[in-house]
Amino acid sequence: MTVKLVHARLPPLPTIRDIIRLYKLRAMRDLSQNFLLETKITDRIVAAAGKIKDGEVCEVGPGPGSITRSIIRKNPARIVVIEKDKRFEAPLEMLAEASPCPLDIIYGDVMNFKMDKMFSEVRKREWSEKPPDIHLIGNLPFNVATHLIIRWLNSIAERTNAWNYGRVPMTLTFQKEVAERMVAPIGSPQRCRLSVMCQNWCHVKHCFTIPGKAFVPKPEVDVGVVHFVPLESPVIDLPFQLIEKVVRCVFNFRQKYHVRGVAMLFPMATRDAYALEMCKLADLDPTLRPFQLTVEEMGRLCQAYNRILEKQPKLAFYNSRASRADRSKFDDEDDSDLLDLQISNALLMTTVKKDLQETI
């Protein structure tokens, strides 16, 4: 016997296109807004989130509610939408009144919004268990998408915010190029800091691409739909800030030897010696390029940096992007432990320094 899934039915409502016209809604350029009008595409985005029937869903940036309608048709137990722009209040209120399931509307900035008490306590799961029946879905504005996913990765690492409930999955939109970077393997032209950060804490899947012409107004780029499921254990099990600092410095010089980026973790006077010591501790060839490093190898660099900080805690506060005056404080201090560093391969040191002089 075949069981046919029954989708929730909304009462007759104006189309999204009619709502935009009725309320004279215009996409705000400074908010990077683009409206998605095609039901087939919004249904496909929601389908990429997996089974949401009887679950709880938080939609980020619903706008006039096109994706929200597709969520409702999947019969969730409850929907929460977070919208920054109050111009969408009328169409969202209309949708909430028509929805057969509870639909709560929160007006605020998701960048600063805490979701640690948003969902039902009965849905909480241990981190080692399967993901809870909670889903984050959103067609994100381009100007906040990357910043938001980095913040949420931080929350995943600390198991706070929505991830207080367990390994909550996310289905989000990004510029196609950003989506490709998130899933880029080693050696790929797209591999970057974002690749390592996403792959360290999540299983990441680029589900499909939406052509720009599907949006109103049409953006200059296509859009990628990406699904994230937090890993039970991160590949690099160290504090988020330490990992982010190492990965950022390494990829600052993406086309050069990774030791060039590693060197930026340290003050000028000790830079070369510490950078090579870090490569030695990580058992990595200093002449590898950043995009050639696996997440595991990047983890060995992070572990090596952590070992150096255990001996020299003050180095944790060094920031190569700080003002010259702040950086000079580190350069002026004596570092007696530096005398104990033994760089075993002097020839390698000479070769690397020569290459750096040629590529700087």
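Residues numbered from 1 in each chain as written. Predicted model: local features only at pLDDT ≥ 70, side-chain atom pairs only at ≥ 80, totals over all residues. Heavy atoms only, no water.

Engineer: Can you walk me through the overall build of the protein chain in this structure?
Structural biologist: Looking only at helices and strands, the protein chain has 13 helices and 9 strands in total. Sorting the 360 residues of the protein chain into buried and exposed places 50% on the buried side. Expressed as a percentage of contacts within the protein chain between residues at least 6 apart in sequence, the contacts between residues at least 24 apart total 72%. Surface summary for the protein chain: the accessible area is close to 17800 Å², and the carbon and sulfur share equals 51%. (Helix = DSSP H or I, 4+ residues; strand = E, 2+ residues; numbered from the N terminus. Buried < 20%, exposed > 50% of the residue type's maximum accessible area, 1.4 Å probe, protein only. Contact = heavy atoms within 4.5 Å. Areas by Shrake-Rupley, 256 points an atom, 1.4 Å probe, with all protein chains shown as cover.)

Engineer: Mind showing me how you'd approach the UniProt feature "binding site: S-adenosyl-L-methionine" (unreviewed entry) in the protein chain here?
Structural biologist: Per the UniProt record, "binding site: S-adenosyl-L-methionine" (unreviewed entry) is found at N34, L36, G61, E83, D109 and N139. Examined against the element boundaries, G61 turns out to sit in the loop between strand 2 (56-60) and helix 3 (66-72). Relative to the assigned elements, N139 resides in the loop between strand 5 (134-138) and helix 5 (142-158). With relative accessibility at 15%, the residue N139 sits in the buried group. There is a polar contact of 2.8 Å between the side chain of N139 and the side chain of T173. (UniProt positions renumbered as here; feature names shortened; annotations may be inferred. Polar contact = N/O pair within 3.5 Å; in protein donor to acceptor, adjacent residues only side chain to side chain.)

Engineer: What exactly am I supposed to notice about the pattern of salt bridges here?
Structural biologist: A pair can form between side chains of opposite charge whenever their charged atoms are brought close. Taken as a whole and judged by the stated rule, the model has 14 salt bridges. We note a salt bridge from R73 to D43, for which the minimum N-O separation is 3.1 Å. With R73 in the loop between helix 3 and strand 3 (78-83) and D43 in helix 2 (residues 39-48), this pair connects stretches of sequence that are 30 residues apart. Among the residues examined, R73 registers a relative accessible area of 24% and is labelled partly exposed. When the shortest N-O distance is used, the salt bridge between E244 and R248 registers 3.2 Å. With E244 and R248 both in helix 8 (residues 240-251), this residue pair falls 4 residues apart, about one helical turn. Each member of the pair, E244 together with R248, is buried. (Salt bridge = Lys/Arg side-chain N within 4 Å of Asp/Glu carboxyl O.)

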